[in-house]
Amino acid sequence: MPFWPIRHLKRSGRLPRGGAGEREKVPANPEALLLMASSQRDMEDWVQAIRRVIWAPLGGGIFGQRLEDTVHHERKYGPRLAPLLVEQCVDFIRERGLTEEGLFRMPGQANLVRDLQDSFDCGEKPLFDSTTDVHTVASLLKLYLRELPEPVVPFARYEDFLSCAQLLTKDEGEGTLELAKQVSNLPQANYNLLRYICKFLDEVQAYSNVNKMSVQNLATVFGPNILRPQVEDPVTIMEGTSLVQHLMTVLIRKHGQLFTAPAPEGSTSPRRGPQCAVGWGSEEVTRDSQGEPCDPGLPAHRTSSLDGAAVAVLSRTAPTGAGSRCSPGKKVQTLPSWKSSFRQPGSRSGSPKGGGSSLEVPIISSGGNWFMNGLSSLRGHRRASSGDRLKDSGSVQRLSTYDNVPAPGVVPGIPSVASMVWSGASSSESSVGGSLSSCTACRASDSSARSSLHTDWALEPSPLPSSSEDPKSLDLDHSLDEAGTGASNSEPSEPGSATREHARRSEALQGLVTELRAELCRQRTEYERSVKRIEEGSADLRKRMSQLEEELDQEKKKYIMLEIKLRNSERAREDAERRNQLLQREMEEFFSTLGSLTAGAKGARAPK
Amino acid sequence: MPEQSNDYRVAVFGAGGVGKSSLVLRFVKGTFRESYIPTVEDTYRQVISCDKSICTLQITDTTGSHQFPAMQRLSISKGHAFILVYSITSRQSLEELKPIYEQICEIKGDVESIPIMLVGNKCDESPSREVQSSEAEALARTWKCAFMETSAKLNHNVKELFQELLNLEKRRTVSLQIDGKKSKQQKRKEKLKGKCVIM
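Analysis parameters
Residues numbered from 1 in each chain as written. Chains lettered and ligands numbered in written order. Predicted model: local features only at pLDDT ≥ 70, side-chain atom pairs only at ≥ 80, totals over all residues. Heavy atoms only, no water. Contact = heavy atoms within 4.5 Å. Buried area = accessible area lost by both parts, 1.4 Å probe. Salt bridge = Lys/Arg side-chain N within 4 Å of Asp/Glu carboxyl O. Polar contact = N/O pair within 3.5 Å; in protein donor to acceptor, adjacent residues only side chain to side chain. Helix = DSSP H or I, 4+ residues; strand = E, 2+ residues; numbered from the N terminus. Phe/Tyr/Trp six-rings, centres within 6.5 Å; stacked < 30°, edge-to-face > 60°. Buried < 20%, exposed > 50% of the residue type's maximum accessible area, 1.4 Å probe, protein only. Lys NZ or Arg CZ within 6 Å of the ring centre and 35° of its normal. UniProt positions renumbered as here; feature names shortened; annotations may be inferred.

## A closer look at the interface of chain A and chain B
And step 1. Of the residues lining the interface, 37 residues belong to chain A; the matching set on chain B comes to 34 residues.
And step 2. For the pairing of chain A and chain B, the buried interface totals around 3,400 Å² over both sides, and the portion due to carbon and sulfur atoms is 67%.
And step 3. Three residues stand out in chain A for area buried against chain B, namely Arg105(A), Pro107(A) and Glu555(A), and they jointly supply 17% of the buried area on that side.
And step 4. For the interface between chain A and chain B, the tally reads zero salt bridges.
And step 5. The interface formed by chain A and chain B contains two residue pairs in polar contact (both at pLDDT 80 or more).
And step 6. Among the elements that line the side of chain A that touches chain B, the one with the most residues is helix H26 (residues 498-605) of chain A, at 14 residues.

## Observations regarding the packing of aromatic side chains
And step 1. Applying the stated rule across the entire model yields nine aromatic pairs over all chains.
And step 2. Ring centres 6.2 Å apart and planes at 25° place the aromatic pair Phe13(B) and Phe82(B) in the stacked group. One end of the pair, Phe13(B), is in strand S1 (residues 8-14); the other, Phe82(B), is in strand S4 (residues 81-87), with 69 residues separating them in the sequence.
And step 3. Taking relative accessible area as the criterion, Phe13(B) reaches 3% and is therefore assigned buried.
And step 4. A residue is classified by how much of its surface remains accessible, and Phe82(B), at 0% relative accessible area, is buried.
And step 5. A connected cluster of aromatic rings, assembled from ring pairs, spans Phe104(A), Phe200(A) and Phe222(A).
And step 6. Taking the ring centre of Tyr36(B) as reference, the NZ or CZ of Arg105(A) above it sits at 4.7 Å.

## A closer look at the UniProt feature "short sequence motif: Effector region" in chain B
And step 1. Taking the UniProt record as the reference, the feature "short sequence motif: Effector region" is found at residues 36-44 of chain B.
And step 2. As annotated, residues 36-44 of chain B has a helix share of 0% and a strand share of 33%, and its two end C-alpha atoms lie 19 Å apart.

## Focus: the pattern of salt bridges
All names here are of chain A.
And step 1. All told, the structure shown has 19 salt bridges over all chains when counted by the stated rule.
And step 2. Notably, a salt bridge pairs Lys-212 with Glu-101, separated by 3.8 Å at the nearest N-O pair. Within this pair, whereas Lys-212 is found in the loop between helix H10 (208-211) and helix H11 (215-226), its partner Glu-101 is found in the loop between helix H4 (84-97) and helix H5 (110-121), the two being separated by 111 residues in sequence.
And step 3. Judged by relative accessible area, Glu-101 falls into the partly exposed class, the value being 39%.
And step 4. Close ionic contact of Lys-181 with Glu-178 constitutes a salt bridge, the shortest N to O distance being 3.6 Å. Remark: Glu-178 and Lys-181 occur in helix H8 (residues 172-184); sequence separation between them is three residues, near one turn of the helix.
And step 5. Classification of Glu-178 as buried rests on a relative accessible area of 18%.
And step 6. It is possible to trace a salt-bridge network through shared partners that takes in Asp-91, Arg-94, Lys-199 and Glu-203.

As structure tokens, this is what we get:
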């Protein structure tokens, strides 16, 4: 029965991993607590969850912690490209292991890996020394990547990356471009880590004549740790493997070409932008709904977005360094209206309409992704809650608003339109496009919009969480001023600014049209892609069919052959039986003659 | 395919680089390649005899370098017999088998009726041996499974390994010889002959 005492939670340094041997090491303590799980796996989940809660503030609980949280927490040690643990492993391997045969393929010492994991989880910083086995460190690194609640390439992007791989097999150049785009769309922390790993694997590969780990080999053993589907369904995995391998090969080989962003320092600044966007968006919607009070079925949504605004403001103003690792997420989580808009597909599909302008863009696939996210968060009880996901949505936002389509996610679509228009961006169309799709050409204007948001922000006097309306008006004000549109009134929260409202609406409508157009384009390409995929699939199936038929043919032939053999042996048996009978007959004859002989002898003797 | 239903499935497990693919390829194709390529998962088929008819022996060569827990569980739950491979030059590779064996126990329950072979591959590299065969034998005894040392490179004990594995199957008669019937006929013939000779 898997159970373990946690009486030492407070005093002794660490939690046991659950082994019976370790249990005895635990010092006796009056505050003993005994927990019992129904299975080994449950127990490990619990231990990890408890451990994370205990040690996270001290820099532990690394395994299974969200990458973003780890990066956030470690920022205080200075800017990093990857989590400390990853850097440490990589440095060690770089120093000692590059020539090791089967690096990343051979297993490390399982118990040592576990020990190291434990120490890292407890916030210790174990040092590797000359006695540490390179394979153990390599295994630790792979384990860390595997244990991430969301892989380096987030679940929501898995499909996108796979279609990239498909494109790569057809058109290398095009595929590379697409992949570069996908890569640049990753959240900052993931982007940095992926870049770091790919660069390192390229170094490993340079020694492939010694360590035998070519790019393909590395891709085979590393790919699944970086790209994995959310549902670990064998069929999905098998379908993905070759693509994942191919993709990973390209990621390693062309890392210099794919990761072009200037080396980032920390991940603070990029993540700020989106959070700001969330605040904005929600505020904007409130405004919209005030303007158009005839939103059917919206109230829940509206309040939620209001709450969202408040939350966003809160999270913005909250001091970032003060150990408030997951404060925004938690706050959001406490708002039930948010959750409902997350989970209920109905409310999701309803809300876009109510939101007005840019909101008619629910993309099926990304909606699904969102829903999946929700599921995963539900599933991983110890992991992020749906509220936590919101932060994800925030960070994703900056590039393509529509990756996070459902209610709260879509909302920010407006602000980017609005803000751009007001900040006097020369072509509102292109910037809308930029925020809409992730078209790289338009990214520039998008980011400029973002930066303008930033400045708005800087000017903004610290907003009060209680009045979510206030900061918005200030924001608007500032952007207007900057745009120099002249015709602005000084007090935008005043309801009398009808003309401006009108202009804004028409512009929003324009934006909507372009958005719809872009959306149509996107959908078309998506459909085309899926049609292609299906065609491929059917071709594949046909091939397999013919293969099977061939096999069947062969089997039939074999069967016939066997039948012939059977007949032959049957005949042989008959033959033998015939001979046997012959023999028996002969024997009978022999005996009868023998009998008659003896009889004859007896008869001969009798007369004597 | 009609045989699909009565496939006899063998799954090969073991840490990365111990020679699972080499063993399987040596058995199926009779070849050995020096190349160094990690496997994701491959399946090979071969016709064998089973309960006086033919069926397909399906050998699943699994991955050793990274775990897909779901895949591993599937391979175990679908498998009829298992080959657990380690390399005699790596103690660690033997250690890696323990969790796999435990998982087999967990999924299959009664392991004693399931053919399992513990295999120490690379016995051609005995100068750098790390695992003594006596040790592995002891482990095999506690696991209640059979043990064998092989070399895919030198084709040592490879066919024997598979034959032995099939011999362990008690619930049905499986054999590598497709012409099991014929041999029976021959036996009978010989028996008959023998009878005749006595006279």
